[in-house]
Every structure is written in structure tokens, then in C-alpha cells.
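Examining the three-dimensional arrangement
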Amino acid sequence: MTQLTTARFITFEGIDGAGKSTHIGFVADYLRQHGVTLVATREPGGTSLGEKLRELLLHEKMHLETEALLMFASRREHIAQVIAPALERGEWVISDRFTDASFAYQGGGRGMDLRKMEVLEAWVHPQLQPDLTFLFDVPLDVARARLDSTRTLDKFEQEQADFFAATRHEYLRRAAQFPARFRMIDATQSIAEIQLELVKLLDILLEKNVASD
Ligand code: TMP
């Protein structure tokens with residue numbers, strides 16, 4: 001019998017239009033097929049309160065610090081109700097975005113002081129960091145072209161190129177700052193190529209987690 005021994009917290013990041021959402025379901029299915037019990041969730045959101053905050057965050061104009069505070073309020077609830085309990089049960093958590101998105105969007109994109117962001121991070125989750133973060137990276141023009149023009153774009157998706165350039169820049173800075181945690185995915189590749197890369201990375205993680213008895 002093999003057993004998966006360690007709960008893992010995996011996050012997915014990237015600018016709007018990078019295509020990460022397509023791959024989260026694939027990763028969840030792959031891990032489940034390999035015996036992992038997991039919770040798939042997202043930010044902002046993931047709880048009943050968080051989903052209400054998401055509605056506000058994606059559609060209401062607000063001061064940039066209000067936006068950052070609400071992102072972290074949603075996150076606080078998410079950690080308390082979903083992430084921490086799942087990890088304590090020994091389950092894996094895969095989250096569509098986490099705190100790197102606040103650094104990238106509110107810090108990079110909107111220009112909020114990163115030291116304030118660090119204060120919020122240290123307050124809301126002093127002990128918790130993802131074990132692994134997939135950063136789906138694409139040039140801005142590719143991301144823009146991928147945004148579905150048939151539906152109404154939300155507040156963030158309507159932002160201009162300079163906002164996304166600054167957001168992407170901050171993501172790349174974070175990836176360089178935390179190389180052990182980040183795995184860069186060249187999201188200009190085909191879906192099949194990206195899945196192949198994901199499988200390789202997930203297999204390494206699964207191997208580290210298997211204990212035979
Ligand atoms: P999604 O479209 O990937 O679900 O994400 C919703 C939007 O929220 C996306 O444009 C990024 C933004 N966002 C932030 O600005 N800060 C954050 O901390 C998070 C989690 C998301």
C-alpha cells in the first residue's frame with residue numbers, strides 16, 4: 001500500500017487571460033487519480049462571505065487600499081474556513097490565486113506600497129505559505145487576445161495594458177524572489193504542452209509524498 005503523507009498547498013497565478021483556469025481542473029483530476037484527497041478553491045471567494053466580497057471586488061470601484069483590505073478579509077475567512085481545516089485533515093488544497101495576486105494586482109498594478117502588503121500578509125497568514133505556486137506567464141498581447149470578448153469584462157479585465165504590465169512585472173519579481181516555491185509555466189504553449197509540463201512537475205511532488213508500507 002502506498003500512502004500520501006503530506007498535505008500540500010498549491011496555488012495558481014497569472015494575469016487575466018493567461019489561461020490558468022483551464023489547467024486547474026486538469027491538475028485536480030490528475031492528483032485525484034493519483035490518490036490525493038483535495039479541496040479545489042479560489043480567491044477572492046472560496047467561502048460564502050468571500051464570494052459576496054468577490055462580487056464587490058470585481059464590480060465596484062473603490063480606493064486601492066480598500067480593495068487590498070477586502071482581498072485580505074476574504075482571504076482571512078478562506079483560511080479559517082477552508083484552507084487551514086483541509087490542511088489539518090491532511091488534504092491538499094489547490095487555490096486559483098492567493099496572496100501573490102494581491103502583491104501583483106494591488107501592489108504592482110495599482111501601485112500600493114508593498115510594505116503595507118507585507119504587513120497584511122504577516123497579519124493574516126504569518127505561518128502559512130503555498131508549498132508550490134504555478135505562475136502562468138504570457139506576454140500582454142496574448143493575454144488580451146484570450147479574454148473572452150463575448151462576455152462583459154470585470155473591473156480588472158477592463159484595465160489597460162500598463163496595469164497588466166505592472167502586474168506581470170510584480171509576479172515575475174515575486175517568482176525571482178521565491179524560486180523554491182514558484183514554477184513558471186510558459187502559457188503561450190498549447191494546452192497539451194502545458195499539461196505535459198504540469199504532469200512532470202506534479203509527478204515530482206507526488207514522488208516526494210509517497211511512503212510505502
Ligand atoms: P480570477 O478572474 O482569476 O478568478 O480573479 C479575479 C480577479 O481578482 C483577477 O482579475 C485578479 C484579481 N485579484 C486581485 O486583484 N487581488 C487578489 O488578491 C486576488 C486573489 C485576485
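Keep in mind that this is a model prediction, so the values were computed, not measured.

Here R75 shows up in helix α3 (residues 64-88). Residue class for R75 comes out buried when judged on its relative accessible area of 2%. When sequence neighbours within four positions are dropped, the list of residues in contact with R75 reads E43, F98, T99, S102, V124 and H125.

So, on to α3. Relative to the 36 Å expected for 25 residues at 1.5 Å per residue, α3 spans 34 Å between its end C-alpha atoms, a close match to the ideal helical length. The sharpest bend along α3 comes to roughly 50 degrees, located at I79. Of the surrounding secondary structure, the elements contacted by the buried residues of α3 are β2 (9-13), β3 (38-42), α2 (48-59), β4 (92-96), α4 (99-109) and α5 (114-124). In the stretch just after α3, G90 is the one whose phi turns positive, near 90 degrees.

Before going further, it helps to spend a moment on the pattern of salt bridges. For the structure shown, the criterion picks out 15 salt bridges. For E65, the salt bridge identified is with K116, shortest N-O distance 2.8 Å. Residue E65 is found in helix α3, and its partner K116 is found in helix α5; the two are separated by 51 residues along the sequence. Across the pair R181 and D100 runs a salt bridge whose closest N-O atoms are separated by 2.7 Å. With R181 in the loop between α7 (161-177) and β6 (182-186) and D100 in helix α4, this residue pair connects regions lying 81 residues apart in the sequence. Accessibility classification places R181 together with D100 in one group, the buried group. Here the residues in one salt-bridge network are E67, R110, K155 and E159, joined through shared partners.

Turning our attention to the pairing of β4. Taking burial as the measure, the five residues of β4 include five buried ones, the bulk of the element. Where burial is concerned, the two faces of β4 agree: the one with W92, I94 and D96 and the one with V93 and S95 are both buried. Note: β2 against β4, four bridges, orientation parallel. Each residue of the ladder has a partner; that of F12, found in β4, is D96. Pairing of β3 with β4 involves five bridges; the strand directions are parallel. When the sheet's bridge partners are listed, R42 is paired in β4 with D96.

Looking now at the packing of aromatic side chains. The geometry of an aromatic ring pair is captured by the separation of the ring centres together with the interplanar angle, meaning the angle of the planes. Going through the model one piece at a time under the given rule, you end up with eight aromatic pairs. Ring geometry for F12 versus F136: centroids 6.3 Å apart, planes at 20 degrees, classification stacked. Of this pair, F12 sits in strand β2 while F136 is found in strand β5 (residues 132-137), placing the two residues 124 residues apart along the sequence. The exposure classification of F12 matches that of F136, with both residues buried. One Lys or Arg, R75, reaches over the ring of F72 and ends 4.6 Å from the middle of that ring.

Definitions and limits used
Residues numbered from 1 in each chain as written. Predicted model: local features only at pLDDT ≥ 70, side-chain atom pairs only at ≥ 80, totals over all residues. Heavy atoms only, no water. Helix = DSSP H or I, 4+ residues; strand = E, 2+ residues; numbered from the N terminus. Buried < 20%, exposed > 50% of the residue type's maximum accessible area, 1.4 Å probe, protein only. Contact = heavy atoms within 4.5 Å. Expected span 1.5 Å × (residues − 1). Bend = angle between axes of the 7 residues up to and from the residue. Salt bridge = Lys/Arg side-chain N within 4 Å of Asp/Glu carboxyl O. Pairing = 2+ DSSP bridges. Phe/Tyr/Trp six-rings, centres within 6.5 Å; stacked < 30°, edge-to-face > 60°. Lys NZ or Arg CZ within 6 Å of the ring centre and 35° of its normal.

Read these as geometric descriptors, not functional statements.
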